[in-house]
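# Coordinates in review
For reference, the chains in residue letters:
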Amino acid sequence: AFPEVQRVVRHRAQAERELARLRFGESAGLLDLINRAAPIVAAQDAVRLQGLSYRDGLLELGVNAPDVAALDQFEQRLRAVDLEASLQSASLDGDRASGRIRIGERGR
C-alpha cells in the first residue's frame, strides 16, 4: 500500500504512521490556504464567512455579502495574492447575496 516503504517490520504500526504522515501533509495544505486567505477575509467588512470545507487540496468558503458584485470583488482580491479563486455559485437571499468561493494554489 505504501510503495516507498522498503522494509516492513511491524505492519500495523508502519501503516498507522504512514497514514498519519499523509493526513499531516493534507493538513499542511489546508493551513497554508487558510493563512493566505485569512487576511483577505478579515479585511472585508461587508463579506461574512459562513463556513468552510477542504477537499482534494481545495478550500471552499461559504460567504455572504451585500450583493453579487461584492462576492466578485472578494474573489478578485484572493486572486491578487496569487491564489486560484473561483466563484462557484451565487444567489440572492433577501437583502444579501450568498456564494461559495473555491480557493487553491495557483497552477494546481
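A short tour of the structure in this document, coming up. (Residues numbered from 1 in each chain as written. Predicted model: local features only at pLDDT ≥ 70, side-chain atom pairs only at ≥ 80, totals over all residues. Heavy atoms only, no water.)

### Topic: the overall build of the chain
Worth spelling out the cut-off: Comment: elements are numbered from the N terminus, with helices defined as DSSP H or I runs of at least four residues and strands as E runs of at least two. Think of it in three bands: residues with accessible area under 20% of the maximum for their type are buried, residues over 50% are exposed, and the middle band is partly exposed, with areas taken using a 1.4 Å probe on protein chains only. The contact criterion used is simple: two residues touch if any of their non-hydrogen atoms lie within 4.5 Å. Throughout, the Shrake-Rupley method with a 1.4 Å probe supplies accessible areas, and for residues the shown protein chains are the sole cover considered.
Per the secondary structure count, the chain includes two helices and four strands. Its helices and strands taken in sequence order, the chain reads α-β-β-α-β-β from the N to the C terminus. With 108 residues in all, the chain has 26% of them scored as buried. Look at the contacts in the chain between residues 6 or more apart in sequence, and 49% of them connect residues 24 or more apart. Carbon and sulfur atoms provide 51% of the accessible area of the chain, an area that totals close to 7200 Å².

### Examining the sheet that holds strand β1 (residues 48-55)
Rules: Two strands are said to pair when DSSP picks up at least two bridges between them. Every axis in this analysis is a line fitted to C-alpha atoms, fitted for helices over the stretch in contact. Angles between the N-to-C directions lie between 0 and 180 degrees.
Reading across the sheet, the four strands line up as β1-β2-β4-β3 and stay open at both edges, with antiparallel pairing between neighbours. The strands lining the two open edges of the sheet, one partner per strand, are β1 and β3 (83-93). This sheet shows a mean twist of 20 degrees between the axes of neighbouring strands, independent of strand direction. On top of the sheet, helix α2 (residues 68-80) reaches β2 (58-65), β3 and β4 (96-105); it is set at about 170 degrees to β3, its chief contact.

### Some thoughts on the environment of R100
The condition is simple: Distance and chemistry together define a polar contact, namely a pair of N or O atoms within 3.5 Å, with one atom able to donate a hydrogen and the other to accept it when in protein, and with adjacent residues in sequence counting only for side-chain atoms on both sides.
Here R100 shows up in strand β4. With 11 residues separating them along the chain, R100 and S89 place their C-alpha atoms 5.4 Å apart. At 2.8 Å, the side chain of R100 and the side chain of E60 are in polar contact. Here the side chain of R100 touches S89 through a polar contact of 3.1 Å, side chain to side chain.

### Things to note about the pairing of β2
Counting buried residues in β2 gives seven out of eight residues, a clear majority hidden from the surface. Remark: two residues form the turn of the hairpin made by β1 and β2, two consecutive strands paired antiparallel; D56 in that turn has positive phi of roughly 55 degrees. For β2 and β4, the ladder comprises seven bridges, and the chain directions are antiparallel. Opposite N64, over in β4, you have S98 as the bridge partner.

### Description of the environment of Q50
Within the secondary structure, Q50 sits in strand β1. Accessibility expressed as a relative area gives 53% for Q50, which makes it exposed. In this structure, the C-alpha to C-alpha distance between Q50 and L61, residues 11 residues apart in sequence, is 7.5 Å. Q50 has contacts with G62, V63 and N64, leaving out every residue within four places of it along the chain.

### Things to note about the pattern of salt bridges
To keep things clear, this is the line we draw: Here, a salt bridge means any Lys or Arg side-chain nitrogen found within 4 Å of an Asp or Glu carboxyl oxygen.
Inspection of every chain in the model, using the stated rule, returns seven salt bridges. The residue D32 makes a salt bridge to R36 at a minimum N-O spacing of 4.0 Å. In this pair, D32 and R36 both sit in helix α1 (residues 11-43), four residues apart, roughly one turn of the helix. Taken together, the salt bridges that share partners define one network made up of D32, R36 and E105.

Function cannot be read off these values alone, since they describe shape.
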